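# Structural overview for review
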Amino acid sequence: MIGKANGARIGITGLGVHVPAKVVTNHDLAKLVDTSHEWIVERTGIHERRFAEQGEALTDIARPAAIRALEQAGGEPSSIDLVLCATVTPDMMFPTSSALLADELGMPDAAAFDLLAGCTGFVYAIAQAYGMLASGLCRRALVVGGDVLSKILDLDDRSTLVLFGDGAGAVVMEPVERGGFLGFELGADGGGGESLWLPGSGSRHFDEPDKFVKMNGREVYKFATRVLVSSAEKLLDELGLTVDDVDVYIPHQANIRIIDHAARKLGVPPEKVVINVQRYGNTSSGSIPLALADAIADGRVRPGAKVLMTGMGAGLTWGSSLIEWTEEMAA
Ligand code: ACO
């Protein structure tokens, strides 16, 4: 799917992020599996990540992010009429995490549903919210992207354990006077789904169901480096723009080698590329909002900036979004 914004100006007026307090270093993981700090840094760029405690679930991590986003956007929480939560690790399948958050945050008039698109979840969710806001179906949306992947990691599997971490971000989306989302490109390839899957998680019967993530790292690497580039190029082409028009590039934070490869192929210079994978690992749907918060904090996302966000992940899925930042937006 590819599309330009239809003239309705929809922007991000509030942003909040949150990660669990517990820091897990590469050295900590080397006590669990046969790995080393050096190997992890060289192959992934990751130095540490956050893991939730036993009693912490997705909504415990998403709630502080959502509260911050709502404070920044201003207005009453009850004015939110859509809550979307992109995650593969909800508190439970139902009630949905979005419904739980809407209840806890005081949004009795909100439609609320969870959205499942792997690590691309946040980009899918902002596209979905854009569509509902632009068509007038709703007026103010809270979009959450977050995951607690530590809960579905096999503590004996070094090939996945070292890559992921926990974290969440939330944005308030609503009509704005200037700037806003310019377009989206989204795609999926279920045929490649077995490269990154959670086979024991649904209604399909498996003789040996597995409740942990399974991944073919090399296949995912090839897929990720390909779609990060093709998705961004397709979107820019559709919008009649080039990579030189992009001021800030926020790729999904999976692996520094994947990010470097994509930036090089696209021709984005290093100073425009946002990277925080060294601190958080791959936080799945939390990754892009966490990186957006960092880029706002370091002054790169400022009024007038065109921000390109591209995600990819389980499904297999991918997605890009371009937004023009303005004074009205989260700062
Ligand atoms: N520590 C030490 N050695 C390891 C580890 C580890 N944690 N993991 C694998 N190895 C070993 C392998 O067993 C292999 O050993 P062998 O040669 O004896 O067989 C060796 O290291 C090299 O393995 P490769 O798989 O070739 O290593 P590679 O350089 O490809 O890096 C990695 C592996 C980091 C997983 C890479 O393939 C990758 O990043 N893939 C993409 C994964 C990803 O980002 N997934 C999520 C993205 S989508 C989403 O966000 C949901």
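The text that follows walks through the structure, step by step, so that each part is easy to find. Along every chain, residues carry numbers that run from 1 in the direction the sequence is written. pLDDT decides what is reported in this predicted model: residues at 70 or higher carry local features, side-chain atom pairs at 80 or more are listed and counted, and totals for whole chains, interfaces and linings draw on all residues regardless. Only heavy atoms go into the side-chain values, all of them from the structure, while hydrogens and water stay out.

## Some remarks on the overall build of the protein chain
Helices and strands together make up the secondary structure of the protein chain, namely 10 helices and 14 strands. Principal-axis analysis of the C-alpha atoms gives the protein chain an extent of 55 × 45 × 35 Å. Considering the protein chain as a whole, with its 331 residues, one finds that 54% of them fall into the buried category. Contacts are residue-level and defined by heavy atoms, with any inter-residue pair within 4.5 Å sufficient. Restricting to contacts in the protein chain with at least 6 residues of sequence separation, those with at least 24 account for 78%. Areas reported here follow the Shrake-Rupley algorithm with a probe of radius 1.4 Å; residue values treat only the protein chains shown as occluding. For the protein chain, the computed accessible surface area is about 13,800 Å², with 51% contributed by carbon and sulfur atoms. Once the 29 positive and 43 negative side-chain charges of the protein chain are each reduced to a mean point, those two points are 4 Å apart. We count a stretch as a helix when DSSP gives it H or I for four or more residues in a row; a strand needs E for two or more, and each element gets its number in order from the N terminus. Each residue gets one of three labels from its accessible area relative to the maximum for its type: buried under 20%, exposed over 50%, partly exposed in between, using a 1.4 Å probe on protein chains only. We treat Lys and Arg as the positive residues and Asp and Glu as the negative residues; His and chain ends play no part in the count. A charged residue contributes its charge at one atom only: NZ of Lys, CZ of Arg, CG of Asp or CD of Glu.

## Notes on the environment of Cys85
The topology assignment puts Cys85 in strand β5 (residues 82-86). Among the residues examined, Cys85 registers a relative accessible area of 0% and is labelled buried.

## With respect to the side chain of Thr87
Tracing the backbone through its elements, the reader meets Thr87 in the loop between β5 and α4 (97-105). Polar contacts here mean pairs of N or O atoms no more than 3.5 Å apart (in protein, one a potential hydrogen donor and the other a potential acceptor; neighbouring residues in sequence count only if both atoms are side-chain atoms). Separated by 2.8 Å, the side chain of Thr87 and the backbone oxygen of Gly146 make a polar contact. When neighbours within four sequence positions are excluded, Thr87 is seen to be in contact with Leu58, Asp114, Leu115, Leu116, Gly146, Asp147 and Ser285.

## Points about the sheet that holds strand β1 (residues 2-4)
Sheet architecture is open: 5 strands sit in the order β1-β9-β14-β13-β12, paired in mixed fashion. Single-partner strands in this sheet number two, and they are β1 and β12 (248-251). Mean inter-strand twist for the sheet, computed between neighbouring axes without regard to direction, equals 10°. Direction of pairing for β12 relative to strand β13 (residues 306-313): parallel, over a ladder of 4 bridges. Bridge pairing in β13 links Tyr249 to Leu308. Should DSSP find at least two bridges between two strands, the strands are taken to pair. For helices, the fitted line uses only the C-alpha atoms of the stretch in contact; every axis is such a line through C-alpha atoms, and the angle between N-to-C directions lies from 0 to 180 degrees.

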